[in-house]
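An overview of the molecular structure
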Amino acid sequence: MSKLVYALNQSLDGYVDHMAFAPDPEVFHHFIADVRGLSAAVYGRRMYETMRYWDEEHSDWDDAQREYAAAWRSLPKWVVSRTLKSVGPNATLVDNNVETAIRTLKERFDGEIEVAGPELAASLTALRLIDEYRLYVHPVVIGGGKTVFAGSRPSLRLLAHDRIGAQVVRLTYAPA
């Protein structure tokens, strides 16, 4: 059985905005290794649409970006959405019975399945399906926007904290 991990980059004040900050090269290499080590990923619609950037080659990419794209493309993905009618390569649409679909994924795979997207994570938190939370805190203050926990207020206990690169701290929690 796999472990369902909600992992997301956030600002110091707890907001998600992928346009407000980007990982430095060391943090980016950490994410390449992270994606390579996953068994699968589950995305909410908005996060999936953001990540679809990696489906197409871009001529201005460096070697690290090509590595990340290759790892992401090879990863089996499930996309939870009531509005999408189709998804891209190596992805499966989940448009109903999310709880059953996620429980089946957890039973089907070994290792880690990453969850990305605050609203999706909130619904999976309410269903008590998330086994671990990994928050990557960047030294940026945004001041508003979408929060990492999108309405959910899970009770958590700290498992670990570590520095990734020069300025990012990863906080790892489990449900209390």
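Preceding block: the structure.
1. Structural notes on the overall build of the protein chain
Regarding its fold elements, the protein chain presents five helices and 10 strands. A globule of 176 residues ought to have a C-alpha radius of gyration of about 16 Å, and the protein chain, at 16 Å, matches this closely. Projected onto the principal axes, the alpha-carbon positions of the protein chain cover approximately 40 × 40 × 30 Å. Once local pairs closer than 6 in sequence are excluded, the contacts in the protein chain between residues at least 24 apart make up 70%. Where the 20 positive side-chain charges of the protein chain centre and where its 23 negative ones centre are 6 Å apart.

2. Quick notes on the pattern of salt bridges
Charged atoms that come close allow side chains of opposite charge to pair. The tally for this structure, following the rule as stated, stands at 14 salt bridges. Glu49 is the salt-bridge partner of Arg45, the closest N and O atoms lying 2.8 Å from each other. Separated by four residues within a single helix, Arg45 and Glu49 lie in helix H2 (residues 45-51), roughly one turn from each other. Taking the relative accessible area as the measure of exposure, Glu49 reaches 41% and is therefore partly exposed. With a closest N to O distance of 3.0 Å, Arg103 and Glu99 form a salt bridge.

3. Remarks on the packing of aromatic side chains
Scanning the model with the defined rule gives 14 aromatic pairs in all. The interplanar angle of 35° and the centroid separation of 5.5 Å between the aromatic rings of Phe28 and Tyr68 together place this pair among those described as tilted. Within this pair, whereas Phe28 is found in helix H1 (residues 25-37), its partner Tyr68 is found in helix H3 (residues 63-74), the two being separated by 40 residues in sequence. Judged on exposure class, the residue Phe28 and its partner Tyr68 are both buried. Each member of the aromatic cluster is reached from another via a ring pair, and the members are Phe28, Tyr53, Trp54, Trp61 and Tyr68. One cation-aromatic arrangement involves Lys77 over Trp72; the distance from NZ or CZ to the ring centre is 4.2 Å.

4. Considering the side chain of Ser39
Looking at where Ser39 falls in the secondary structure, it is placed in the loop between H1 and strand S3 (40-44). Look past the residues within four positions of Ser39 in its chain and what remains in contact with it is Leu75, Pro76, Phe109, Asp110, Gly111 and Glu112.

5. Quick word on helix H4 (residues 98-108)
Here H4 has its buried residues at Ile102, Leu105 and Lys106. The arc that holds every buried residue of H4, seen down its axis, measures 100°, which confines them to one face. Seen from the open side of H4, the exposed residues pointing more than 90 degrees away from its buried face are Glu107 and Arg108. The secondary structure elements touched by the buried residues of H4 are strand S1 (3-10), S3, strand S4 (77-80), strand S6 (112-116) and helix H5 (118-126).

6. Describing the environment of Ala116
One can find Ala116 in strand S6. With 23 residues separating them along the chain, Ala116 and Leu93 place their C-alpha atoms 15 Å apart. For Ala116, the residues in contact, after removing those within four places along its chain, are Ala7, Val42, Tyr43, Gly44 and Met47.

7. Brief notes about the environment of Trp72
With respect to the helices and strands, Trp72 occurs in helix H3. The class of Trp72 is buried, set by a relative accessible area of 0%. Along the backbone, Trp72 and Tyr48 are 24 residues apart, and their C-alpha atoms lie at a distance of 11 Å. Here Trp72 is in contact with Val35, Tyr43, Tyr48, Met51, Arg52, Trp54, Asp55 and Lys77, once residues within four sequence places are set aside.

Procedures and definitions
Residues numbered from 1 in each chain as written. Predicted model: local features only at pLDDT ≥ 70, side-chain atom pairs only at ≥ 80, totals over all residues. Heavy atoms only, no water. Helix = DSSP H or I, 4+ residues; strand = E, 2+ residues; numbered from the N terminus. Rg over C-alpha atoms; globule rule 2.2 N^0.38 Å. Contact = heavy atoms within 4.5 Å. Lys, Arg positive; Asp, Glu negative; His and termini not counted. Charge placed at Lys NZ, Arg CZ, Asp CG, Glu CD. Salt bridge = Lys/Arg side-chain N within 4 Å of Asp/Glu carboxyl O. Buried < 20%, exposed > 50% of the residue type's maximum accessible area, 1.4 Å probe, protein only. Phe/Tyr/Trp six-rings, centres within 6.5 Å; stacked < 30°, edge-to-face > 60°. Lys NZ or Arg CZ within 6 Å of the ring centre and 35° of its normal. Arc of directions from axis to C-beta.

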